[in-house]
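Report on the structure
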Amino acid sequence: MKEVKIYDDKHSFEALFEEQALRKFKVNEQKLLIAKTKEGFFAFEALCPHQKHPLKQGQLHPNGQAIICSLHGYQFNLRDGKAQNSKCQDLKTFQVGFHPDGVYLKLY
Ligand code: FES
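Residues numbered from 1 in each chain as written. Predicted model: local features only at pLDDT ≥ 70, side-chain atom pairs only at ≥ 80, totals over all residues.

1. Description of the nonpolar core
Applied cut-off: Any nonpolar core is a set of buried residues, restricted to Ala, Val, Leu, Ile, Met, Phe, Trp, Tyr and Cys, that join up through C-beta atoms within 7 Å. Put plainly, a residue is buried at 20 or more neighbouring C-beta atoms within 10 Å of its own, exposed at 12 or fewer, and partly exposed in between, counting only other residues' C-beta atoms, which are placed from the backbone. Going along the chain from the N terminus, every DSSP run of H or I of four or more residues is numbered as a helix, and every run of E of two or more is numbered as a strand. By definition, residue pairs are in contact when their C-beta atoms, positioned from the backbone, come within 7 Å.
The biggest cluster of nonpolar side chains holds 20 residues, and the ones touching the most others in it are Leu 33, Ala 35, Ala 43, Phe 44 and Ile 67. Those elements giving two or more residues to this core turn out to be strand 3 (30–37), strand 4 (40–45) and strand 6 (66–68). Those residues in contact with Ala 35, other than ones at most four positions away along the chain, are Leu 22, Phe 42, Leu 60, Ile 67 and Leu 78.

2. Looking at the sheet that holds strand 9 (residues 102–107)
This is how the line gets drawn: Whether two strands pair depends on DSSP finding at least two bridges between them. Axis definition: a line fitted to C-alpha atoms, over the contacting stretch in the case of helices. Angles run 0 to 180 degrees between N-to-C directions.
Taken in spatial order, the six strands make up an open sheet running 1-9-8-4-3-2, and their pairing is antiparallel. Because the sheet does not close on itself, it has two edges, and the strands there are strand 1 (2–7) and strand 2 (21–27). Across the sheet, the mean angle separating the axes of adjacent strands is 30 degrees when strand polarity is ignored. In this sheet, strand 9 lies alongside strand 1 in antiparallel orientation, the contact comprising five bridges. Each bridged residue has a counterpart across the sheet, and for Lys 2 the counterpart in strand 9 is Leu 107.

If you want it as structure tokens, here you go:
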């Protein structure tokens, strides 16, 4: 597992987001989304594992714990990527970490 710095300053990073918001990031040529919900920050792959639809067009579940793909409505847990209402493969998720020198993602 490797940690990659994605932003220099926690407060500036947090200011990029409204609550229940999704933003695109590119880390090591990998397109990711980061969501801010009432449960915290979550990072995950940008394309749905079902048929590769962009999850940026999806919706965050009101409970702050899942992303819902807009194409077929499959839901994925934001903490572990588990598909919740389908037999679809799981979504890849990445841990967002705040350190004194910036914001990091743990990549696997
Ligand atoms: S492509 Fe996302 S649920 Fe089908």
